[in-house]
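An overview of the molecular structure
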Number of protein chains: 2
Amino acid sequence: MTIKAVLFDLDNTLIDFVKMKMMACEAAIAAMRDVGLEISHDKAWKILMDLFKQYGLEYQKIFNVFLKRVMGRVDYKVLSAGIVAYRKVKESFVEPYPHVIPTLIELIKRGYKLGIITDAPRLQAWTRLCGMKLQYFFDVVVTSDDVKARKPHEMPFRVALKKLKLKPEEVLFVGDDPVKDIDGAKKLGIKTVFAKYGFVKKLEKRPKPKYKPDFEINDIQDLVKILPKVLA
Amino acid sequence: MTIKAVLFDLDNTLIDFVKMKMMACEAAIAAMRDVGLEISHDKAWKILMDLFKQYGLEYQKIFNVFLKRVMGRVDYKVLSAGIVAYRKVKESFVEPYPHVIPTLIELIKRGYKLGIITDAPRLQAWTRLCGMKLQYFFDVVVTSDDVKARKPHEMPFRVALKKLKLKPEEVLFVGDDPVKDIDGAKKLGIKTVFAKYGFVKKLEKRPKPKYKPDFEINDIQDLVKILPKVLA
């Protein structure tokens, strides 16, 4: 059956999310030390990374937890200095990976519908898309808040298919997470592309995947080779 | 003959250029006064606007001329304060008009090629396109530096047609300037769309146009109504 839509994971597939987050954390630590937090950079960094492993990279109150651990309490001057520096860097740094925009444009030219299935919260997903001016490219955007479920759960995939009025065999899913993205999509019979370039940068431990992806890519523009020019 | 490409003027057609420039000038005047330039805001504003009328909105050394007029010399502390404030606002404010990106995407979906013909210098044109992440949308970008001629001269239009391998009857040109854009394109037999929304905001005096545009639009998304869905 012909592929009619290409769906993407967002963070680490379209956005170099971990790089952005790490640069923002560097700035936050420097800013907190600047207003008086007494800790070496290296020690602060180690504690923060341990907390990310424990709470996940999307945890929104990580600096609160961090300060409780380091100071025994949350000093709001220090917290705010960290948050402001963090946001400034993060905002200026939400950039798509190289070749994302021209690849999306080429896929649109070739007649494919495009979509996003992300585990990011709704507001974060949309602010990132808007920050990159990518909000107009997608026919469907499914966030974890929209479906109250996260990949590899089948719900976000089912909702995306329903909104596009397409069958599993008619879409291709592109993601960097072997379990959430690849297993999640394959379970439903969706063909998958493993975005290898986004994989290496994760922090958390991962379970073993059950399925193999149909394709692997080292650059998002490799999709153009996978997907034929003319649609049936 | 079927339309196969839509070509656009850039400033005041895709970008609200005058608004951006005026906001940046407000910031520059405030910053120059802040570091010691002794002049009222209103007087400074009037002098600056008169200089723009005289030198044109694209003149790159306008603050040098301004300071010579106001102080009798160029004080580099004042000049730099003005330039830094100007650039900061301008950079954060290069935004496409509403509906530009979704309209371009819809036109791409409908199979049209897209292009830019601008009188802006090459570097300015490209930095604005890149600032808006619009650099990937266009099959051809012709700037005044590329052809050593400005609209309504036929050269930039001819170069764009040649690069696209299209005849004048196969393209539609969209612009806000009745003489440069509409007359320039019509002379060659190119169908034109007058972007009325960009017209009112100009400062310079204009000569009278010779031709009437084929269409007038109040919002760029009106193009979607003008251009048919299916191409021959």
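Presented here is an overview of the structure given in this document. (Residues numbered from 1 in each chain as written. Chains lettered and ligands numbered in written order. Predicted model: local features only at pLDDT ≥ 70, side-chain atom pairs only at ≥ 80, totals over all residues. Heavy atoms only, no water.)

1. Concerning the pattern of salt bridges
All names here are of chain A.
- Under the defined criterion, the tally for this structure stands at 30 salt bridges over all chains.
- Between Lys-151 and Asp-9 there is a salt bridge, with the nearest N and O atoms lying 2.9 Å from each other. Taken together, the positions of Lys-151 in the loop between α7 (144–147) and α8 (154–164) and Asp-9 in the loop between β1 (5–8) and α1 (17–34) put the pair 142 residues apart, joining distant regions of the chain. Exposure class is identical for Lys-151 and Asp-9. Each is buried. (Salt bridge = Lys/Arg side-chain N within 4 Å of Asp/Glu carboxyl O. Helix = DSSP H or I, 4+ residues; strand = E, 2+ residues; numbered from the N terminus. Buried < 20%, exposed > 50% of the residue type's maximum accessible area, 1.4 Å probe, protein only.)

2. Observations regarding the packing of aromatic side chains
- In total, this model carries eleven aromatic pairs over all chains according to the counting rule given.
- An angle of 50° between the planes, with centres 5.8 Å apart, marks the rings of Phe137(A) and Phe137(B) as tilted. Linking Phe137(A) in the loop between α6 (122–131) and β3 (140–142) with Phe137(B) in the loop between α6 (122–131) and β3 (140–142), this pair reaches from one chain into another. Pair check on accessibility: Phe137(A) and Phe137(B) agree, each one buried.
- Centre to centre, the rings of Phe194(B) and Phe199(B) are 5.5 Å apart; their planes meet at 70°, and the pair counts as edge-to-face.
- In this structure Phe194(B) comes out as buried when scored by relative accessible area, which is 10%. (Phe/Tyr/Trp six-rings, centres within 6.5 Å; stacked < 30°, edge-to-face > 60°.)

3. Notes on the side chain of Asp183(A)
All names here are of chain A.
- When you line up the elements, Asp-183 lands in helix α9 (residues 178–187).
- Despite its burial, Asp-183 pairs with no opposite charge; the closest candidate is Lys-210, at 5.6 Å N-O.
- Within the structure, Asp-183 has its side chain in polar contact with the backbone nitrogen of Lys-210 (distance 2.7 Å).
- Apart from the residues lying within four places of it in its own chain, the contact partners of Asp-183 are Pro-178, Lys-208, Pro-209, Lys-210 and Tyr-211. (Lys, Arg positive; Asp, Glu negative; His and termini not counted. Polar contact = N/O pair within 3.5 Å; in protein donor to acceptor, adjacent residues only side chain to side chain. Contact = heavy atoms within 4.5 Å.)

4. Here we look at the environment of Asp9(B)
Residue and element names in this part refer to chain B.
- Judged by its relative accessible area of 7%, Asp-9 falls in the buried class.
- Sequence-distant contacts of Asp-9, defined by excluding residues within four places in its chain, comprise Leu-14, Ile-117, Thr-118, Lys-151, Phe-173, Val-174, Gly-175, Asp-176 and Asp-181.
- Here the side chain of Asp-9 touches Thr-13 through a polar contact of 2.8 Å, side chain to side chain.

5. Some thoughts on the interface of chain B and chain A
- Contacts between the two partners involve twelve residues from chain B, matched on the other side by twelve residues from chain A.
- Considering only the surface of chain B that becomes buried against chain A, Ile108(B), Lys133(B) and Tyr136(B) emerge as the three largest contributors, covering 46% of it.
- Our count for the chain B to chain A interface comes out at four salt bridges.
- Where Asp139(A) meets Lys109(B), a salt bridge forms, and the shortest distance between an N and an O atom there is 3.5 Å.
- On the surface where chain B and chain A come into contact, there are two residue pairs in polar contact (both at pLDDT 80 or more).
- A breakdown of the residues in the side of chain B that touches chain A according to their chemical character gives eight nonpolar, no polar and four charged. (Buried area = accessible area lost by both parts, 1.4 Å probe. Nonpolar A, V, L, I, M, F, W, Y, C, P; charged D, E, K, R; others polar.)

6. So, the pairing of strand β1 (residues 5–8) of chain B
Residue and element names in this part refer to chain B.
- The alternating pattern of β1 places Ala-5 and Leu-7 and Val-6 and Phe-8 on opposite faces, both of which are buried.
- The pairing of β1 with strand β2 (residues 113–117) spans four bridges and is classified as parallel. Each residue of the ladder has a partner; that of Ala-5, found in β2, is Lys-113. (Pairing = 2+ DSSP bridges.)

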